[in-house]
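Coordinate analysis (summary)
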Amino acid sequence: SSVVAPTTGEATWTMGGIPDPVVSGTSTFLSVVVACCAVTVLARCVGMVSKDMAYVSLVLYPLAGFCGWLLWLCSWMHQWHPLLDPIYPQAE
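These lines cover the structure that appears in this document, whether it is placed above or below.

Regarding its fold elements, the protein chain presents 2 helices and 0 strands. Buried residues in the protein chain amount to 15% of all 92 residues. Long-range contacts, defined as pairs at least 24 residues apart, comprise 46% of the intrachain contacts of the protein chain with a sequence gap of at least 6. Taken as a whole, the protein chain presents about 7500 Å² of accessible surface, with 71% of it coming from carbon and sulfur.

This is the structure we're talking about:
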C-alpha cells in the first residue's frame, strides 16, 4: 500500500507504477459499467426488456463507460501535469 505525502500533496503510487487515483477511478467506472450490464441481464431474464434492447444496452453501456473513463482520465492527467504554465505579467 502507498503512503500519502503530507507536504507535497502529490498522488501516491501503487506497486505497478500507476497513481492511486487512476486505479480507484478506473475501478469505480468499471464497477458502474458491470452493475449496469448486470441490471440489463437481470431485466432481460425477468422479461422487462426485449432481446434486441438488451443487446443494444450491453453494447452501449461499455462504450459509454469507456468514453466517460477516457474523458475523466484526460481531465485528471491534465490537472496532474499541466501542459501549459501560466505567464504572469511582471510588476514594474
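Now that the structure has been shown, we can carry on.
To continue, consider the packing of aromatic side chains. Across all of its chains, the model carries 3 aromatic pairs by this definition. Here the aromatic rings of phenylalanine 29 and tryptophan 72 are separated by 6.1 Å at their centres, their planes lie at 45°, and the arrangement is tilted. Note that phenylalanine 29 is positioned in helix H1 (residues 20–46) and tryptophan 72 in helix H2 (residues 51–80), a separation of 43 residues in sequence. Residue class for tryptophan 72 comes out partly exposed when judged on its relative accessible area of 25%. Relative to tryptophan 69, the ring of phenylalanine 66 lies with its centre 5.9 Å away and its plane at 35°, an arrangement referred to as tilted. Residue phenylalanine 66 and its partner tryptophan 69 are both found in helix H2; the two are separated by 3 residues, about one turn of the helix. A residue is classified by how much of its surface remains accessible, and phenylalanine 66, at 46% relative accessible area, is partly exposed.

Side chains that are three or four residues apart share a direction in an α-helix, a result of its 3.6 residues per turn. Along its 30 residues, H2 runs 43 Å from first to last C-alpha, staying within 8% of the 44 Å computed at 1.5 Å per residue. Taken together, the buried positions of H2 are occupied by Ala54, Ser57, Gly65, Leu73 and Trp76. Looking at the buried residues of H2, the elements they touch are H1.

This next bit is on the side chain of threonine 40. Within the element layout of this structure, threonine 40 appears in helix H1. Threonine 40 sits in the buried class, given a relative accessible area of 7%. Other than its neighbours up to four places away in sequence, threonine 40 contacts Ala54, Ser57, Leu58 and Tyr61.

It is worth spelling out the environment of threonine 26 at this point. Looking at where threonine 26 falls in the secondary structure, it is placed in helix H1. Considering only alpha carbons, one finds threonine 26 and phenylalanine 66, 40 residues apart in sequence, at a separation of 9.7 Å. Beyond its immediate chain neighbours, meaning those up to four positions away, threonine 26 contacts Trp69 and Trp72. Within the local environment of threonine 26, its side chain forms a polar contact with the backbone oxygen of valine 22, the two atoms lying 2.7 Å apart. Side-chain polar atoms of threonine 26 contact the side chain of tryptophan 69, separated by 2.9 Å.

Looking now at the side chain of serine 57. Within the fold, serine 57 resides in helix H2. Setting aside chain neighbours within four positions, we find serine 57 in contact with Thr40 and Pro62.

So, how was this worked out
Residues numbered from 1 in each chain as written. Predicted model: local features only at pLDDT ≥ 70, side-chain atom pairs only at ≥ 80, totals over all residues. Heavy atoms only, no water. Helix = DSSP H or I, 4+ residues; strand = E, 2+ residues; numbered from the N terminus. Buried < 20%, exposed > 50% of the residue type's maximum accessible area, 1.4 Å probe, protein only. Contact = heavy atoms within 4.5 Å. Areas by Shrake-Rupley, 256 points an atom, 1.4 Å probe, with all protein chains shown as cover. Phe/Tyr/Trp six-rings, centres within 6.5 Å; stacked < 30°, edge-to-face > 60°. Expected span 1.5 Å × (residues − 1). Polar contact = N/O pair within 3.5 Å; in protein donor to acceptor, adjacent residues only side chain to side chain.

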